[in-house]
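Residue-level structure breakdown
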Amino acid sequence: MTLINFALTNIVFLISILISWKRSKVFLNPFSLIVIFFFFPMTVASVELGNFFITVWEEDTLTLFFITFIAWGLFPFIWVCRKPKPINKNNIKITGDVTKLYKPFVYLLSFIYIFLYFIENQILTGSLFPIASGGVEAHKAHVLSVPVIGIITRAGSVIACLILLGFKKNRSYLEYFYLLLIVLIPLSRGSRLDIVFSLVAMTILWYSIFFNKIKNSTKLLITVAVISLVGLMSFIGTYRSLSLDSNYSYASNLGFESNNILIDIAAPLYGNFALPFINLNRFVAANKGEYTNGEFSVLPIS
């Protein structure tokens, strides 16, 4: 993709985001988030950057991209821009027994998640905090999971949203503690995307519930938090690499001239968001005609 095509494509995406914002009254709606975190990195992957530029995309890869655009782009855009039906709140009833059982259930689920996460760390690397112990096993732990246990430990974003739902009724220090620990516990194995998934899911939920009540100061705080998250992700990526080799440069490995801090910050972001599309194309090219028929979809329980 040329820079002109790259610019035109993202202008179309930007206009679509503005339309979805106008229709839904929420900027961080599902469609805009998908564009920002998926389709924009996809276009970045098609531009000549570093040593990983691909001149020929496999036909199967392009087919996957087209299906993804329909399923994750077109349909969400139509859904967000539709005219919502008015909700009759009188028809929504939640019994007292349900509300009483909700928070104990979430507390128990949170405890199980935290307990199993540390157990999984110990099984995978022999350490409760792999990021602190270093080594090759710790370096790879963020992409591994233990069968069956991995079903729970990969659901951090879901549990975080369940806790956040309880905030609408009342809040306690224990809930804040659980929420903070669940969001940050992936740092124990140097996992950045799990934190992103949790924060993105919580942001969507927060906007859906409290949008009309959010103050400008809170919106500013959310913006600062997102920017800080970007910096944190880059720092974790650099730290994880240096734990293996103090002379290792992630930016240089991608083919960038690592001569200033901005490139060092941008390189892990490119590696996390754009590079996976290139790796997917290489995987498809190396395994032509070999299909798993959904086998990897049930990998956590195999």
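The next point concerns the packing of aromatic side chains. Within the structure shown, the criterion is met by 14 aromatic pairs. An angle of 75° between the planes, with centres 6.0 Å apart, marks the rings of phenylalanine 39 and phenylalanine 69 as edge-to-face. Highlighted residues: phenylalanine 39 in helix 2 (residues 30–45) and phenylalanine 69 in helix 3 (residues 59–81), separated in sequence by 30 residues. Judged by relative accessible area, phenylalanine 39 falls into the buried class, the value being 2%. Feature note: the residues Phe13, Phe38, Phe39, Trp57, Phe65, Phe69, Trp72 and Phe277 constitute an aromatic cluster, connected by ring pairs. The positively charged end of arginine 189 is found above the aromatic ring belonging to tyrosine 117, 4.1 Å away from the centroid.

For helix 14 (residues 275–286), which comprises twelve residues, the first-to-last C-alpha distance of 16 Å matches the rise-based estimate of 16 Å (1.5 Å per residue) to within 8%. What helix 14 keeps buried is the set Leu275, Phe277, Ile278, Asn281 and Val284.

Below, the discussion takes up helix 9 (residues 173–184). With twelve residues, helix 9 extends 17 Å from end C-alpha to end C-alpha; this agrees with the ideal 16 Å at 1.5 Å per step. Taken as a whole, helix 9 has its buried residues at Glu175, Tyr178, Leu179, Ile182 and Val183. For helix 9, the buried positions fall inside an angular range of 125° around the axis, keeping them on one side. In helix 9, the exposed residues that point more than 90 degrees away from the buried face are Tyr173 and Leu180.

The interhelical angle for the contact between helix 2 and helix 3, taken along N-to-C directions, is 155°, at an axis separation of 9 Å. With respect to helix 3, the element helix 2 is oriented roughly antiparallel. Once helix 2 is placed against helix 3, the crossing between them reads as left-handed. Taking contact as the criterion, the partners of Pro30, Phe31, Ile34, Phe38, Phe39 and Met42 in helix 2 are, on helix 3, Phe65, Thr68, Phe69, Trp72, Gly73, Pro76, Phe77, Trp79 and Val80. Here the residues of the contact of helix 2 with helix 3 sort into 13 nonpolar, two polar and no charged.

With respect to the secondary-structure elements, glutamate 58 resides in the loop between helix 2 and helix 3. Its relative accessible area of 18% is what places glutamate 58 among the buried residues.

A cluster of nonpolar side chains, Leu14, Leu18, Trp21, Phe27, Ile36 and Phe37, forms an exposed patch at the surface whose accessible area comes to about 520 Å². Those elements giving two or more residues to the nonpolar patch turn out to be helix 1 (3–24) and helix 2. At three residues, the largest contribution of residues to the nonpolar patch is made by helix 1. With respect to the helices, strands and loops of the structure, leucine 14 is situated in helix 1. Overall, leucine 14 belongs to the partly exposed group, its relative accessible area being 48%.

Further remarks concern the nonpolar core. Counting 19 residues, the largest nonpolar core has Val35, Phe39, Met42, Phe277 and Ile278 as its most contacted members. Of all elements in the fold, only helix 1, helix 2, helix 3 and helix 14 reach the threshold of two or more residues within this core. Top contributing element to this core by residue count: helix 2, with seven residues. Setting aside chain neighbours within four positions, we find valine 35 in contact with Phe13, Ile17, Phe40 and Pro41.

In this section: the pattern of salt bridges. On inspection of all chains with the given rule, the structure shows four salt bridges. When the shortest N-O distance is used, the salt bridge between glutamate 58 and lysine 288 registers 3.3 Å. Pair noted here: glutamate 58 is in the loop between helix 2 and helix 3 and lysine 288 is in the segment after helix 14, with a separation of 230 residues, a long-range link.

Rules used throughout
Residues numbered from 1 in each chain as written. Predicted model: local features only at pLDDT ≥ 70, side-chain atom pairs only at ≥ 80, totals over all residues. Heavy atoms only, no water. Phe/Tyr/Trp six-rings, centres within 6.5 Å; stacked < 30°, edge-to-face > 60°. Helix = DSSP H or I, 4+ residues; strand = E, 2+ residues; numbered from the N terminus. Buried < 20%, exposed > 50% of the residue type's maximum accessible area, 1.4 Å probe, protein only. Lys NZ or Arg CZ within 6 Å of the ring centre and 35° of its normal. Expected span 1.5 Å × (residues − 1). Arc of directions from axis to C-beta. Axes fitted to C-alpha atoms, helices over the stretch in contact; angles between N-to-C directions. Parallel < 35°, antiparallel > 145°, perpendicular 65-115°, else oblique. Left-handed = near helix turned anticlockwise from the far one by under 90°. Contact = heavy atoms within 4.5 Å. Nonpolar A, V, L, I, M, F, W, Y, C, P; charged D, E, K, R; others polar. Patch = residues over 30% accessible without salt bridge, like charges linked within 9 Å, V, L, I, M, F, W, Y side chains within 5 Å. Areas by Shrake-Rupley, 256 points an atom, 1.4 Å probe, with all protein chains shown as cover. Salt bridge = Lys/Arg side-chain N within 4 Å of Asp/Glu carboxyl O. Core = buried A, V, L, I, M, F, W, Y, C linked by side-chain atoms within 4.5 Å.

Take it as geometry only, folks, not as evidence of what the structure does.
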